[in-house]
Amino acid sequence: MISSESLDSADPLAAHRALFLRDENVVAYLDGNSLGRPLIASIDRVHRFLTEQWGARLIRGWDESWLDLPERIGDDLGRAALGAGPGQVTIGDSTTVLLYKLIRAAVDARPGRTEIIIDRDNFPTDRFVVEGIAAERGLSVVWIGGEKGDGADGAPASDSGVNVKRLMKKLSARTAVVVLSQVAYRSGYLADVAELTSAAHEVGALVVWDLSHSVGAVPIELDAWGVDLATGCSYKYLNGGPGAPAFAYVRAELQGQLRQPIQGWLGTAAPFAMGQGYTPATGIRSFTSGTPPIVGMLAMQDMIALIEKVGITAIREKSVALTEFAIELAADMLPNARLASPRNAAERGSHITLDGDGFDRIVPKLWAQGILPDFRSPDGIRIGMSPLSTSFTEVELGIWGIRHPGK
Ligand SMILES: *Cc1c(COP(=O)(O)O)cnc(C)c1O
């Protein structure tokens, strides 16, 4: 097998690794899909904001530039990583809260329809938000997963995700909204967004896409794919830092039709009139509720700029090379591990999961040595590869560590 050193020296994106902050105690960082490393440029950006903006402008900063920041970053993100034209993306609440706002708005735009479809393998927060909205609005949750052929616990085959065949079985004239993730958080399965969206549109349903595990690592064309609504985290492959606010995409044609449920003053047409009665703003700003978390959205700007500069095609090429290398090494070095991710690169995002007996006991030992993959219940080690910051050598150290975890 080709060595990690030669892969790193042949990597056209290798130089970008030096742009990220490193700590000498971290030997291999394989969890950038949960929390990306900081870019060194962000240190200066945050420092300058505190001194020159917050410290010097004080309240005047809101008038000058802060209030527009969520939509300016949204446009940049749309252009760099979402395939979204301007005026359709904003930065705001957590992904959980934005899921709630988008799904509620979508459900209310399909009166008389009684079902929300989601898969059992989706991230817990997505499922919980859907269950909560169903209870609140008197709707039923229709689950993908738990059918014959799936695992006994109702989970779909561990190495796959939602394809059009599985979705079609659940779609009907009763479907109000479908909620799906582009890349599954555990298996890494990469869904065909355009195909699944158009299948849902055939029955008149809306689709809310969660892009948390794909944005910044996988090509996305929301406008071209006909996507209605999308949201996702900015602290994963967008390196915005812990708890950085999420983004929401609302297709331009839907903005006037949809009403989100958390009516706040900054989503109104004239917030500073301090008037009576809620009149929503036009455009994407109607999806804002309260004061935007400005400090939290500073760092992601550096990563969005870097993604735009490098280009998502080159990022995806390296991502595929990294996951392919990880899979081949694991097959070679970990004969008892089971690949719980698609073997075909075209169906895979930028992480893989390896299931194995006792893997829950290995991860703490690796963390103690500065090798940082993630653990996913019940027995999975998840290896996340953030294309601009992860080296092939880190991947090799990670797989090597799983084989030789020590005591
Ligand atoms: C990481 C992740 C989330 C996290 O949501 P928060 O509100 O930021 O905690 C939600 N959904 C998916 C699919 C995720 O991968």
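Scope of this entry: the structure provided in the associated data block. Keep in mind that what you see is a predicted model, and the values were worked out from it rather than measured. (Residues numbered from 1 in each chain as written. Predicted model: local features only at pLDDT ≥ 70, side-chain atom pairs only at ≥ 80, totals over all residues. Heavy atoms only, no water.)

In a structure, side chains of opposite charge can pair up when their charged atoms sit close to one another. Within this structure, the stated rule accounts for 21 salt bridges. In this structure, D108 and R137 form a salt bridge, with 3.1 Å as the shortest nitrogen-oxygen distance. Linking D108 in helix 5 (residues 95-108) with R137 in helix 6 (residues 124-137), this pair joins segments that are 29 residues apart in sequence. Judged by its relative accessible area of 32%, D108 falls in the partly exposed class. Here R137 falls in the partly exposed class, since its relative accessible area comes to 39%. (Salt bridge = Lys/Arg side-chain N within 4 Å of Asp/Glu carboxyl O. Helix = DSSP H or I, 4+ residues; strand = E, 2+ residues; numbered from the N terminus. Buried < 20%, exposed > 50% of the residue type's maximum accessible area, 1.4 Å probe, protein only.)

Here we come to the sheet that holds strand 8 (residues 247-250). In space, the seven strands of this open sheet follow the order 2-8-7-6-5-3-4, with mixed pairing throughout. Across the chains shown, the open sheet's two edge strands, defined by having one partner strand only, are strand 2 (89-91) and strand 4 (140-144). This sheet shows a mean twist of 20° between the axes of neighbouring strands, independent of strand direction. Relative to strand 8, strand 7 (residues 229-232) runs antiparallel, the two sharing four bridges. Across the sheet, residue T231 finds its bridge partner in strand 8, namely A248. (Pairing = 2+ DSSP bridges. Axes fitted to C-alpha atoms, helices over the stretch in contact; angles between N-to-C directions.)

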